[in-house]
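Now for the letters of each chain:
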Amino acid sequence: MSAGVVVGGALLDGGRLLAARRTAPAELAGRWELPGGKVEPGEAVPNALVRELREELGVTVRPLLRVPGEWPVPGGRMLHVWTASVLYGTPHPLQDHDTLRWVTPDEAMALDWLDPDRPAVAWACRQLRTDLDRVQPTRPARPAR
Ligand SMILES: Nc1nc2c([nH]c(=O)n2[C@H]2C[C@H](O)[C@@H](COP(=O)(O)OP(=O)(O)OP(=O)(O)O)O2)c(=O)[nH]1
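Once a new chain begins, its residue numbering starts again from 1 and follows that chain's sequence as written. Local features in a predicted model are, by the rule used here, given only for residues with pLDDT of at least 70; side-chain atom pairs are given and counted only at 80 or more, and totals for whole chains, interfaces and linings are based on all residues.

To continue, consider the overall build of the chain. Only DSSP runs of H or I covering at least 4 residues are called helices, and only runs of E covering at least 2 are called strands; the numbering of each starts at the N terminus. For the chain, the helix and strand inventory stands at 3 helices and 8 strands. Each helix and strand of the chain, ordered N terminal to C terminal, gives the series β-β-β-β-α-β-β-β-β-α-α. Counting only contacts in the chain whose residues sit at least 6 apart along the sequence, the fraction spanning at least 24 positions is 69%. What counts as a contact is two residues whose backbone-derived C-beta atoms lie within 7 Å of each other.

Below is the structure:
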């Protein structure tokens, strides 16, 4: 079911997450969120994410994985979050945001996120840390004498 859903995109690239600072409404302005928006009736959630990020950031994204869980947002809708990667373009704050920032997991955890986003951001940061661990070069074994 996608009625009553707001989708947020956890865009991941090179060990970083894209954070977007909202400009409206006044009570949310200045706080950080995952870019996205309301899913239209009958629309699949990943398709809504692709549409919203094209409008808001000017990029084409590939949705990857749904972050487990859903969280209530103002207005009675539920926030769903998908990780995604940028297929085409460079994100710009075209609509709804005054700035974008690619952040490391540590930087992400220090931002003032909208409350419903916090569990999904923490999940995405754990994914990023795990991926980083996987690509860390292992120390070469000391050659035997
Ligand atoms: N886009 C987005 N909205 C979020 C997040 N977290 C959160 O609580 N919200 C809330 C803020 C709003 O109350 C609501 C989504 O509204 P929106 O203004 O982003 O939706 P939209 O782009 O479709 O906007 P509109 O058509 O109503 O102008 O969900 C998030 O990470 N991303």
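This part covers the nonpolar core. Here, a nonpolar core denotes buried Ala, Val, Leu, Ile, Met, Phe, Trp, Tyr and Cys residues that are linked to one another through C-beta atoms within 7 Å. Neighbour counting defines burial: a residue surrounded by 20 or more other C-beta atoms within 10 Å of its own C-beta is buried, one with 12 or fewer is exposed, and intermediate counts give partly exposed, using backbone-placed C-beta atoms. Core analysis: the largest hydrophobic core is formed by 29 residues, its most contacted members being A10, L17, L49 and A124. Listing elements by their share of this core, those giving two or more residues are β1 (5-13), β2 (16-22), α1 (45-57), β7 (78-88) and α3 (118-135). Apart from the residues lying within four places of it in its own chain, the contact partners of A124 are A10, L12, L17, V67 and T83.

With that settled, consider the site of the ligand. Whether a residue is near a molecule or strand depends on its C-beta atom, generated from backbone atoms, being within 6 Å of that molecule or strand. Residues in close proximity to the ligand total 16 residues, the closest being G8, E33, L34, G37 and K38. Among the secondary structure elements, those contributing two or more residues to the shell around the ligand are β1 and β4 (36-38). At 3 residues, β4 tops the list of elements feeding residues into the shell around the ligand. Gly is put with the polar residues, along with every residue not named as nonpolar or charged; the nonpolar set is Ala, Val, Leu, Ile, Met, Phe, Trp, Tyr, Cys and Pro, and the charged set is Asp, Glu, Lys and Arg. In terms of residue class, the shell around the ligand is built from 8 nonpolar, 4 polar and 4 charged.

This part takes up the pairing of β7. Each pair of strands is called paired provided DSSP finds at least two bridges between the two strands. Pairing geometry for β1 and β7, over 7 bridges, is parallel. Bridge assignment links G9 to a residue of β7, and that residue is W82. By the bridge criterion, 5 bridges tie strand β5 (residues 60-66) to β7 in an arrangement that is antiparallel. For R62, the partnering residue across the bridge sits in β7 and is S85. The sheet contact formed by strand β6 (residues 71-72) and β7 spans 2 bridges and is antiparallel. Bridge pairing in β7 places P72 opposite M78. Joining the antiparallel neighbours β6 and β7 is a turn of 5 residues, in which G75 adopts a positive phi near 95 degrees.

Here β1 pairs with β2 via 2 bridges, running antiparallel. Its bridge partner being in β2, L12 is matched across the sheet by L17. Here β1 folds back onto β2, and the loop between the two strands holds 2 residues, one of which, G14, carries a positive phi near 55 degrees. Direction of pairing for β2 relative to strand β3 (residues 32-33): antiparallel, over a ladder of 2 bridges. Bridge pairing in β3 links A20 to E33.

Counting along an α-helix, one turn takes 3.6 residues, and residues three or four places apart therefore face a common direction. Along its 13 residues, α1 runs 18 Å from first to last C-alpha, staying within 8% of the 18 Å computed at 1.5 Å per residue. P46, A48, L49, V50, E52, L53, E56 and L57 are the residues of α1 that are buried. Just downstream of α1 lies G58, where phi reads positive at about 75 degrees. Here, expected helix span is obtained from the residue count minus one, scaled by 1.5 Å.

Attention now goes to the environment of E43. Mapped onto the elements of the fold, E43 is located in the loop between β4 and α1. Overall, the presence of 16 C-beta atoms within 10 Å leaves E43 in the partly exposed class. Taking the C-alpha atoms as reference points, E43 and L18, separated by 25 residues in sequence, lie 24 Å from one another.

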